[in-house]
Structure formats: structure tokens, C-alpha cells
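As a plain string of letters, each chain reads:
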Amino acid sequence: MIVEAAAATAMAQCPECGTASGRVHSRYRRTLSDAAVAGRAMVLVLIVRRFFCGNTGCAAKTFAEQVDGLTTRRSRRTNQLTSMLTTIGLELAGRAGARLARRLGLAASRDTLLRLVRAVPDPPVGTVTVLGVDDFAVRRGRTYGTVLLDMSTHRPIDILDDREADTLAEWLSAHPGVEVITRDRAGAYADGARRGAPQAIQCADRWHLWHNLGQAVEKTVVAHRNCLREASTAATDSTVADQPATTEASSPAGTLPPVPAADPGDRYAQLRARTAERYHAVHELLDQGVGLRTIAKQLDIDRKTARRFAAASSPDDVIAAATSRAALLDEYAGHLLTRWNAGCTDIAVLTAELHQLGYRGSQRTVYRYLQPYRSDRKTPRPAAIPPAKPKIRAVTAWIMRDPDTLTGDDAQQLTAILDCCSQLAAVRRHVGAFAVMMRDRHGDRLPDWIAQVRAEDLPALHSFATGLEHDFAAVTAGLTLEWSNGPTEGTVNKLKHQKRQCFGRAKLDLIRKRLLLTHPTVSKLMAK
């Protein structure tokens, strides 16, 4: 659709000096693409006049007139079409935006949309009193950036091209007036905030504090993992004692009378011995000054395996990880041995049933697990199946959760574990006290909490307390003030989504434009 029109103004202003002029130099036709009408592309043909500039000192001798709200210099689109394409590019980036534009009757390539996005000026930063800081990955493991957020409006205000302390300090020095800085536990941001805005209060994020506490609790549970087995055995013994005695006649067909269940850990005796031997061999070579690459070559192991042994403080740390991988089938042992005692000895059928229950291992693993219980072996079939030992992460989650939200079975297992292990019971008390302190904003209780943790034999919690003391002022502010770094974390998630949309063209300048210009407050200003 083609529409012809002509400007009706008597005078026009020179774009260089602003002088109004009515002397017409010439006329020409200007073709502009406009927004589609009823799905059909629209072309606007304007009869445009060229005027003489009346200012003799102006460098522009002539200039073309512009229609307010319709045209701009050197543009082949109307302002309305440019605004529409820019909005599409900001929301959907190149490929998806180009597809939508075609459906709307707006001819624009993906490169055109990205050029329009890059041409939009940055919104002004303004005065920021509460600043949120967090990092994000441009290329994971290689390139990182920093997101800055105005916490009062949740508006992204800038993106820095790294996550170094000097860069943040320089930005803060150029934008004075920041009173509170919310951040994670990163030392670079703490240093940059201290140098760039010494007057600001640094506020550690509560989620990261709780996450770090959970990591310390998990390490403690790993260190006392034998208590989990003792609690499981005690629960089994009490259950068997409460049940009425069974006779051989009442046993199901194909089973033997109940026999004492063997310790499942005995199945890993060979694995434990080999792991301990390898651990001592690695550390002997380390004490001699041998490098990890040479150690891996001498012991015929992978370099990552050598690094894992070198980082472990004792053989138990490596054995715990190894046995957890080997115990992939322990969770389904009850169902497996029950079906085996019922007479189902087809490994393929048993593996298919376990896959329906969530088992992710192979048929060969099931075969090796049942090999000791075959009829030609001396090992008797277990008639009483002991419950599986609770997993490390499950116990950690029970300790970290509110006791009122635990189910009856989980609460019962946790009570049995805490009764068997005084250290884990102490951890549960300290976690509850920290949760109350964080929920009710009682940062003044932090010194007492640290002192109580120091009084217990809990090395992992001691390390966590040491980290709190190194960042004591920010942690106290995080447990006292209302500010949290959650909005900044949400902005990082939005940025990840926008980066995936760009699909190979997610350079930092384009990511920055899309993030800064798609906030609702900025979109309203652009619409005006």
C-alpha cells in the first residue's frame, strides 16, 4: 500500500544551528516504510522541501524539513515503525524478532533489529542509595560480568565487563551517594565496595548465608555417616523386636527362616581397602614434592582422580564418595530381594521393574548384586530386608528444614539419628538458632551464636563461623536489615534467558542494552 503526502508547514528549523527559514531551495520525494495496515506493508511517499539556512555562520547551507513525530534525519522508516521494531528487538532479539516482524507485515532482518537495539541510548543511572551487586557468566568458566541493580526500584542500572574489585570501586567512585550495598560472599565485591564507597553499609545476602550453613551441615553429616547406619540398624532391631515370632511354616515359598542381615558395608570392603591404599600412595608422593601429573602417571590413574585424592583430608572423605556411587542399588534392595525371595530370578525382568521405580543403573549391576544369593552359593537369602540407610543429602535437608514441616516418617528417622549422634543433635540446635536469628532479624545475637558453635566439636561449623567473622559487619547487617540480594539474583536469571535468545550473538554490549532497556519503568519512558 502506497500513500503520498506533502508537508504543510511554512517554515522549518535548521538541524545544525536551529535557525528558522522559509526560503525553499527545492523539493524531492522521500520514501518511508511505515507500520503495516491490515497485515499489508505500507509505504509513505512524502513531498519534502529543502530550505536555505539563513544563518551565514552555519556550516549547513541547505537542509531538509522533518515532520514532527513522523520522520528523522537519514532514516527510511517512520518513527512509529522504528519504535515497533526496536521493541521487538529488545524483547525477542534477532531471529525470533525477525520471525514475529514478518508475521506482522514488518520487513526487518535479524541484523536490522540488533542494530536498532544497539542504537538506543542508555537510560540515565540517576541517584542510587541502595545498590545490588552480583556476577553472571558471559561464557561459563571463562568470561564473567557484574550486574548492578537499584534495589529501591529493582531496575538494572549497569553491567560491568568483569567481576574485579577495581572495576566496581571505579564505578562506585563515579556514582557517589550509595548508602547500602547488598552482595554475596565474594571477597572481590567486598574489597571493591570498601574502596569505592567507604561510607556505604555492606549487607551480605541471607540466602548465601543459609546456603553456606547448609554446606557446613552436609560436611558434618558426611563426617558422622556411620551414625546413620547405627540409627538405621537400631530402628530395624526395634521393629523386629515388636513383631510376633514367625515360624518356618509361615515363611513364603522359596525362602529360608529369618537370618541376621549382613552389614551392607561389607560388600564394599575391597573398595575401601583399595581406596585407602591409593590415598596413602598419593600423599606419600606429594610429601616428596612430586607433582599431580607425575603422580597420575606413576600410579596409572587419571589426573582428576589424583587431584581428588590430594584434596581429601583423610581416606574416609574419598571412601564416602566412592561407596555412595557403589551403593546406587541399595535404595531398591528391599524390592529387589523381596522379588528374589518370591522366586523371580530373571535379571532382565528385575531390572525392568527397578527402572520403573527410578533405578538408573545397568542390568550388569543387578546381576552382580544378586550373585552371592544364588542357589549354588553358600550365602543365605536374607528373609528380613533391612531399611536402606538414609542418604547424606536427605539427612542434611531434614536438619535444615523447619521441624513442623517434616513428615512423620522423616521426623522419626531424624529423631533416631539425633539420638545416636550427639554431634548431629548439636548441629540441629545451632541450625535452629541461626534460622530464628535470620528470620527475626536479630543480628546482635551473632557473637553469642558463634561462641556456642566454638564450644562444640564441629570442625565444619567452625570453618563456617570463621568465614562469618572475616565478613562480620556485612553478615550482621544482612541478619539485621531488610535488604536482600534476591532481586539481583532474579535479574541474573532474566539475563540468562536473554542470552539464550541471542543464540551466538550474545555479546556483552547487546546483553547490556537488552537488560537495561526492558525494565518496565524504562519501557514506559521509551513509549513516551
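This part is about unusual backbone geometry. In this structure, Arg74 takes a positive phi of about 60° despite not being glycine. In this fold, Arg74 is placed in the loop between strand E6 (62-64) and helix H1 (79-92). You will see that Arg441, though not glycine, has its phi angle at about 60°, which is positive. Here Arg441 is to be found in the loop between helix H17 (422-439) and helix H18 (446-454). Accessibility expressed as a relative area gives 31% for Arg441, which makes it partly exposed.

With that settled, consider the side chain of Thr518. The residue Thr518 is located in the loop between helix H22 (508-517) and helix H23 (520-527) in this model. In this structure Thr518 comes out as buried when scored by relative accessible area, which is 9%. Here the side chain of Thr518 touches Lys494 through a polar contact of 3.2 Å, side chain to side chain. A distance of 3.3 Å separates polar atoms of two side chains, one belonging to Thr518 and the other to Gln498.

Moving on: the pairing of strand E11 (residues 201-204). Pairing of strand E10 (residues 180-183) with E11, which is carried by four bridges, proceeds in the parallel orientation. For Arg183, the partnering residue across the bridge sits in E11 and is Ala204. Since E10 and E11 lie parallel, the crossover through helix H5 (residues 187-196) that links them has a hand, and here it is right-handed.

A word on helix H10 (residues 303-311). All of the buried residues in H10 are Thr305, Ala306 and Phe309. Buried residues of H10 fall within an arc of 100° about the axis and therefore sit on the same side. In H10, the exposed residues that point more than 90 degrees away from the buried face are Lys304 and Ala311. Measuring from the backbone nitrogen of Lys304 back to the side-chain oxygen at the start of H10 gives 2.9 Å, which picks out Asp302 as the cap.

The subject of this paragraph is the packing of aromatic side chains. Within this structure, the stated rule accounts for four aromatic pairs. Taking 5.9 Å as the distance between ring centres and 70° as the angle between the ring planes, the aromatic pair formed by Phe434 and Phe464 counts as edge-to-face. With a gap of 30 residues between them, Phe434 in helix H17 and Phe464 in helix H19 (residues 459-470) connect regions that are remote in the sequence. Take Phe464: its relative accessible area is 7%, and that puts it in the buried class. What links up through ring pairs into an aromatic cluster is the set Phe434, Trp449 and Phe464. The ring of Phe52 has Arg23 lying over it, and the distance from NZ or CZ to the ring centre is 4.6 Å. The ring of Tyr144 carries the charged tip of Arg163 above its face, separated from the ring centre by 3.7 Å.

Here helix H13 (residues 347-357) crosses helix H14 (residues 363-370) at 115°, and the two axes come no closer than 9 Å. Taken together, the axes of H13 and H14 lie roughly perpendicular to each other. Relative to H14, the crossing made by H13 is right-handed. Here H13 contributes Ile347, Ala348, Leu350, Thr351 and Leu354 to the contact with H14, which in turn contributes Gln363, Val366, Tyr367 and Leu370. The residue makeup of the contact of H13 with H14, split by class, is seven nonpolar, two polar and no charged.

Definitions and limits used
Residues numbered from 1 in each chain as written. Predicted model: local features only at pLDDT ≥ 70, side-chain atom pairs only at ≥ 80, totals over all residues. Heavy atoms only, no water. Helix = DSSP H or I, 4+ residues; strand = E, 2+ residues; numbered from the N terminus. Buried < 20%, exposed > 50% of the residue type's maximum accessible area, 1.4 Å probe, protein only. Polar contact = N/O pair within 3.5 Å; in protein donor to acceptor, adjacent residues only side chain to side chain. Pairing = 2+ DSSP bridges. Right-handed = clockwise from strand over helix to strand, strands pointing away. Arc of directions from axis to C-beta. Phe/Tyr/Trp six-rings, centres within 6.5 Å; stacked < 30°, edge-to-face > 60°. Lys NZ or Arg CZ within 6 Å of the ring centre and 35° of its normal. Axes fitted to C-alpha atoms, helices over the stretch in contact; angles between N-to-C directions. Parallel < 35°, antiparallel > 145°, perpendicular 65-115°, else oblique. Left-handed = near helix turned anticlockwise from the far one by under 90°. Contact = heavy atoms within 4.5 Å. Nonpolar A, V, L, I, M, F, W, Y, C, P; charged D, E, K, R; others polar.

Function cannot be inferred from these measures alone, as they are strictly geometric.
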